[in-house]
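Structure assessment
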Amino acid sequence: MVSEIIFHEPITQWDWKIGQYVALIGLAGGAYLVGYVADILGLRTGSREHSQVAKYGYLTGLLVMAVSPLVMLSHLATPFRAMALPLTMSNLGSWMAIGSYLLGGFAFGSFLMFAWMTFGKARPGASTGSNLAADGGKVTDGGTAEAATGTGGEVGGFRGVANKIGLLEILDTFADKTRPSGPARLGIGALFGITAAGVLLYSAMALGSGPTGRVALWDKTFLIPVQITGGLATGLVTAVGLAALVERATGRTVQKYAMAGVGLLVVYLLAIVATIVLLPGHNPAAEAGVASLVGEYTALFVGLGIVGGIVIPAVLSLAAVFGQRSGSLSDGGAVAAYTVAAALVIAGKLAVGLSYLLAANFAPLPLPV
């Protein structure tokens, strides 16, 4: 004789905060990785726009890592015990333990790479006399040419904030004294990139149903591609949006990154469509969850997550690129389009993460009696 233990839906155990946490850490890992690729290209080509995208990729990872652990810890009954998890958990086969170590290393790496990109007189991508001339004399990181090259004057952007609170000289000194040569810095960045890739994978495994396959909707075969492509796409579009908003970077290089972001959004969309179409056949127990995604939670999943978070940002990015190249769109219009696209992809990523939690259900657990 076999009886079944019926569990309540996962949302009753892991509230909306866990869905947002999973979405956020995926964004953070993806943003760092696309920033690192831009950093490599910036060192090879000397283009400031590569460096600008890299800086805001690192910044996105850093800011999200400052917020996402707080979201997760606020859900727990004993948050201080959870903070000690990397020191107390001995089950290194658990993704909770693995994720804790990855997040710690990734947070430190994001800070270090962002600091090296943003502060110091020898920071990568800093304006020089030659590239200021190439940029038409415009200082995109705020202030005067002297400030941009680290020789004095007024400063804007993040350096301006640090200057107003009296930390600019300290941060500049720290960055210049600790920053290795370009290739060595990228080598260190690659090591932290491993943790970023791990965090991106962890964003799927954190929801993964484990070896028992308890939540069919979270089947790793489909969830991992959705999380990885979603993290990379959202991270790149966000980095482009921040570079455009803060530094008015809308040149040809940024346009190429915007087009790459559109390509990643398309792949992300295909991964979601594949889940909806193929997952029920792959795992019949997931049919109810998929039906909930496109039925009960259509407004959240399809409306905000797919249309608002993928389709519209892709259209805005394409409009900005081709509008600028045809001369029918001003730089200000392109900045607005990239910025709105970035805001929408973040909202869409959060909506997809929450939808996956709301629509999930535990399969009954059969027990012999």
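Residues numbered from 1 in each chain as written. Predicted model: local features only at pLDDT ≥ 70, side-chain atom pairs only at ≥ 80, totals over all residues. Heavy atoms only, no water.

1. Focus: the overall build of the chain
Each helix and strand counted, the chain has 15 helices and 2 strands in total. For the chain, with 369 residues in total, the buried portion stands at 48%. Accessible surface, the chain: about 16000 Å² in total, of which carbon and sulfur atoms supply 69%. (Helix = DSSP H or I, 4+ residues; strand = E, 2+ residues; numbered from the N terminus. Buried < 20%, exposed > 50% of the residue type's maximum accessible area, 1.4 Å probe, protein only. Areas by Shrake-Rupley, 256 points an atom, 1.4 Å probe, with all protein chains shown as cover.)

2. Considering the confidence of the model for the chain
Averaged over every residue, the pLDDT of the chain is 83; residues scoring 70 or more account for 77%. In the predicted structure, residues 1-6 sits below a pLDDT of 50 and forms 17 contacts with residues beyond four places in sequence or in another chain. In the model, residues 142-154 has pLDDT below 50 throughout and makes 28 contacts with residues more than four positions away in sequence or in other chains. (pLDDT = per-residue confidence, 0-100. Contact = heavy atoms within 4.5 Å.)

3. Section: the packing of helix H11 (residues 220-247) against helix H12 (residues 252-282)
With their axes 8 Å apart at the nearest point, H11 and H12 run at an angle of 160° to one another. Judged by the angle between their axes, H11 and H12 are roughly antiparallel. Between H11 and H12 lies a crossing of left-handed hand. Its residues assigned to classes, the contact of H11 with H12 comprises 21 nonpolar, 6 polar and no charged. (Axes fitted to C-alpha atoms, helices over the stretch in contact; angles between N-to-C directions. Parallel < 35°, antiparallel > 145°, perpendicular 65-115°, else oblique. Left-handed = near helix turned anticlockwise from the far one by under 90°. Nonpolar A, V, L, I, M, F, W, Y, C, P; charged D, E, K, R; others polar.)

4. Brief notes about the pattern of salt bridges
This model, assessed by the stated rule, comprises 4 salt bridges. Put simply, aspartate 172 and arginine 159 hold a salt bridge, and the shortest N to O gap is 2.8 Å. One end of the pair, aspartate 172, is in helix H9 (residues 168-178); the other, arginine 159, is in helix H8 (residues 157-164), with 13 residues separating them in the sequence. In this structure aspartate 172 comes out as buried when scored by relative accessible area, which is 12%. What makes arginine 159 buried here is its relative accessible area of 7%. (Salt bridge = Lys/Arg side-chain N within 4 Å of Asp/Glu carboxyl O.)

5. Concerning unusual backbone geometry
In this structure, arginine 248 takes a positive phi of about 55° despite not being glycine. The residue arginine 248 is located in the loop between H11 and H12 in this model.

6. Observations regarding the nonpolar core
Leu217, Trp218, Tyr338 and Tyr356 are the most contacted members of the largest nonpolar core, which has 85 residues in total. The element best represented in this core is helix H1 (residues 16-45), accounting for 11 residues. (Core = buried A, V, L, I, M, F, W, Y, C linked by side-chain atoms within 4.5 Å.)

7. So, the packing of H12 against helix H15 (residues 331-358)
Where H12 contacts H15, the two axes come as close as 13 Å, and the packing angle between them is 20°. By the angle class used here, H12 and H15 are roughly parallel. For the pair H12 and H15, the sense of crossing is left-handed. Across from Val254, Gln255, Ala258, Leu265, Tyr268 and Thr275 in H12, the residues of H15 making contact are Tyr338, Val345, Lys349, Val352 and Tyr356. When grouped by side-chain class, the residues that make up the contact of H12 with H15 number 8 nonpolar, 2 polar and 1 charged.

8. A word on the environment of glutamate 169
By the element assignment, glutamate 169 lies in helix H9. Linking glutamate 169 and phenylalanine 119, residues 50 residues apart in sequence, is a C-alpha distance of 9.0 Å.

9. Considering the packing of aromatic side chains
One pass over the structure, following the stated rule, counts 5 aromatic pairs. Measuring from ring centre to ring centre gives 5.8 Å for phenylalanine 108 and phenylalanine 192, while their planes differ by 70°; the resulting arrangement is edge-to-face. Here phenylalanine 192 lies in helix H10 (residues 182-205) and phenylalanine 108 lies in helix H5 (residues 95-118), a separation of 84 residues in the sequence. Counting every residue linked through ring pairs, the aromatic cluster contains Tyr32, Tyr58 and Phe106. (Phe/Tyr/Trp six-rings, centres within 6.5 Å; stacked < 30°, edge-to-face > 60°.)

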